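Listed below, chain by chain, are the residues.
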Amino acid sequence: MNRSLVLLPGDGIGPEVVAAAEVVLQAVCRKFSHQVDTRTCTIGGAALRAGLPVYPDDTRAACTAGDPVLLGAVGDPAFDHLPREQKIETGLLALRSSMGVYANLRPARAWEGLEDATPFKPQRTAGTDLIIVRELLGGLYFGEPRGMAADGQSAFNTMKYSVGEVQRVARVAFGLAQSRSKRLLSVDKANVLETSQLWRKTVTAMAADYPDVALEHQYVDAFAMNLALNPTRYDVVLTENLFGDILSDEAGAVSGSLGLLPSASLGDGQALYEPVHGSAPTLAGRDVANPAGAIGSLALVFRHSWQAEEEARAIESALARTIREGYRTADLMTAGHTGTSCSQFARLVAERL
């Protein structure tokens with residue numbers, strides 16, 4: 001297999017976790033006799049520090065050429081003062097929009113060996129293995145008009161969805177459900193929001209095309225509670241942009257750390273992969289970050305972009321074995337376990353491949 005991968009190390013701990021994923025990528029290529037060429041581009045605060053726009057034209061061209069993209073993290077408080085059009089977060093939204101990645105897949109699982117790292121009782125979370133499918137290009141994050149009143153005394157955002165936007169992400173969720181347990185939960189706030197009423201009506205109508213999938217609806221507040229009380233109840237969860245952003249982080253508590261969570265953002269032929277965690281600038285350069293989310297995101301590259309399921313499972317198995325054997329980065333460290341750095345953890349996973 002000969003493939004290409006675009007790397008966006010980004011800011012903070014981003015370069016460290018992307019470097020860790022590269023170590024594992026090299027091990028996969030050796031094991032399966034693959035050739036993967038990588039190209040590194042600049043985005044976010046790293047681009048601003050180099051005197052470039054937050055989402056440089058060269059980076060845009062590379063990211064929209066068709067190869068999958070692996071992003072580390074973006075965010076740098078040194079640039080928080082910039083106007084909205086120059087902010088790092090605006091660059092991230094522009095990246096997603098330019099690539100047309102509308103379906104964000106965020107898996108969350110309970111890891112064997114990390115039972116003491118979560119706030120939950122092990123018997124409550126054991127066996128949890130769910131995916132939140134978050135709509136990524138609509139809702140409050142992209143709706144217009146938006147802004148701040150000239151006097152600074154009020155602000156406004158627009159939450160908007162079309163039937164087509166709901167349908168395209170719902171197809172991804174229904175398809176995932178068909179490949180897993182054939183159960184799909186759609187989360188909304190249809191008792192209050194018109195956008196959620198459209199969402200529920202559209203998803204319900206689509207269920208007729210997937211007779212083998214059992215569809216359930218739940219309000220976002222009820223699901224937030226039930227996710228904490230009984231996470232094993234859920235498999236594939238579909239929701240809109242804002243709700244998905246919040247709920248997928250809550251799901252991270254089931255795993256034990258945001259550092260463990262990978263993600264895949266899929267469009268029609270384009271795909272962006274990134275760990276769910278932020279740039280954590282206070283940890284940058286210290287080799288203490290948890291690279292599991294980035295390594296897990298690499299597994300998703302093989303699964304969704306390259307249709308290489310054996311390779312994806314090999315990465316995930318090596319990652320699970322490393323955790324099960326008691327190796328932990330600082331975010332998960334407790335007495336009785338072996339502390340590792342970010343780079344050491346990557347080497348351990350590579351060895352287990």
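Placed above this text is the structure.
Reading the values: the criteria
- Residues numbered from 1 in each chain as written.
- Predicted model: local features only at pLDDT ≥ 70, side-chain atom pairs only at ≥ 80, totals over all residues.
- Heavy atoms only, no water.
- Helix = DSSP H or I, 4+ residues; strand = E, 2+ residues; numbered from the N terminus.
- Rg over C-alpha atoms; globule rule 2.2 N^0.38 Å.
- Buried < 20%, exposed > 50% of the residue type's maximum accessible area, 1.4 Å probe, protein only.
- Contact = heavy atoms within 4.5 Å.
- Pairing = 2+ DSSP bridges.
- Phe/Tyr/Trp six-rings, centres within 6.5 Å; stacked < 30°, edge-to-face > 60°.
- Lys NZ or Arg CZ within 6 Å of the ring centre and 35° of its normal.
- Axes fitted to C-alpha atoms, helices over the stretch in contact; angles between N-to-C directions.
- Expected span 1.5 Å × (residues − 1).
- Core = buried A, V, L, I, M, F, W, Y, C linked by side-chain atoms within 4.5 Å.

Draft legend 1. Highlighting the overall build of the chain. The helix and strand tally for the chain stands at twelve helices and 14 strands. Its C-alpha atoms give the chain a radius of gyration of 20 Å, within 12% of the compact-globule value 20 Å for 353 residues. With respect to the three principal axes, the spread of C-alpha positions in the chain is 50 × 50 × 40 Å. When each of the 353 residues of the chain is scored for burial, the buried share is 51%. Once local pairs closer than 6 in sequence are excluded, the contacts in the chain between residues at least 24 apart make up 76%.

Draft legend 2. Representation of the pairing of strand β4 (residues 103-109) in the model. Summarising burial for β4: five of the seven residues are buried, a large majority. Pairing of β4 with strand β5 (residues 129-135), which is carried by seven bridges, proceeds in the antiparallel orientation. Bridging from a neighbouring strand, Asn-104 pairs with Arg-134 of β5. Direction of pairing for β4 relative to strand β11 (residues 264-266): antiparallel, over a ladder of three bridges. Its bridge partner being in β11, Asn-104 is matched across the sheet by Ser-265.

Draft legend 3. Summary view of the packing of aromatic side chains. Applying the stated criterion across every chain, the model contains four aromatic pairs. With 4.8 Å between their ring centres and 75° between their planes, Phe-223 and Tyr-234 make a pair best called edge-to-face. With Phe-223 in helix α8 (residues 220-229) and Tyr-234 in the loop between α8 and β10 (236-239), this pair connects stretches of sequence that are eleven residues apart. Residue class for Phe-223 comes out buried when judged on its relative accessible area of 0%. Taking the relative accessible area as the measure of exposure, Tyr-234 reaches 4% and is therefore buried. Residue placement shows Lys-31 over the ring face of Phe-32; its charged tip is 5.6 Å from the ring centre. We note Arg-109 situated over the ring of Trp-111; from NZ or CZ to the ring centre the distance is 4.0 Å.

Draft legend 4. Region of interest: the sheet that holds strand β12 (residues 271-273). One open sheet accounts for ten strands, arranged β2-β1-β3-β12-β11-β4-β5-β10-β8-β9; its pairing is mixed. In this open sheet, the two strands that pair with only one neighbour each are β2 (35-40) and β9 (214-219). Pairwise comparison of adjacent strand axes, ignoring direction, gives a mean angle of 25° for this sheet. Summarising the sheet, β11 and β12 pair through three bridges and their orientation is antiparallel. What sits directly across from Leu-266, in β12, is Ala-271. α8 contacts β5, β8 (183-188), β9 and β10 of the sheet and is inclined by roughly 100° relative to β9.

Draft legend 5. Spotlight on the environment of Ala-350. Examined against the element boundaries, Ala-350 turns out to sit in helix α12 (residues 342-352). Note on Ala-350: relative accessible area 15%, which makes it buried. It is 32 Å that separates the C-alpha atoms of Ala-350 and Tyr-55, two residues lying 295 residues apart in sequence. For Ala-350, the contacting residues outside a window of four places in its chain are Val-23, Val-24 and Ala-27.

Draft legend 6. Structural context of helix α6 (residues 163-179). Between the first and last C-alpha of α6 there are 24 Å, a value that for 17 residues agrees with the 24 Å anticipated at 1.5 Å per step. All of the buried residues along α6 are Val-166, Val-169, Ala-170, Ala-173, Phe-174, Leu-176 and Ala-177. Buried positions along α6 lie against β4, β5, β8, α7 (194-206), β9 and β10.

Draft legend 7. Local environment of the nonpolar core. Leu-5, Val-133, Phe-174, Leu-238 and Phe-302 are the most contacted members of the largest nonpolar core, which totals 70 residues. The element that contributes the greatest number of residues to this core is helix α1 (residues 14-32), accounting for ten residues. Beyond its immediate stretch of four places on either side in the chain, Leu-5 contacts Leu-25, Val-36, Asp-37, Thr-38, Arg-39, Pro-68, Val-69, Leu-70, Leu-298, Val-301 and Trp-306. Core analysis: the next-biggest nonpolar cluster, separate from the first, contains 21 residues, Leu-8, Cys-63, Val-69 and Leu-272 among them.

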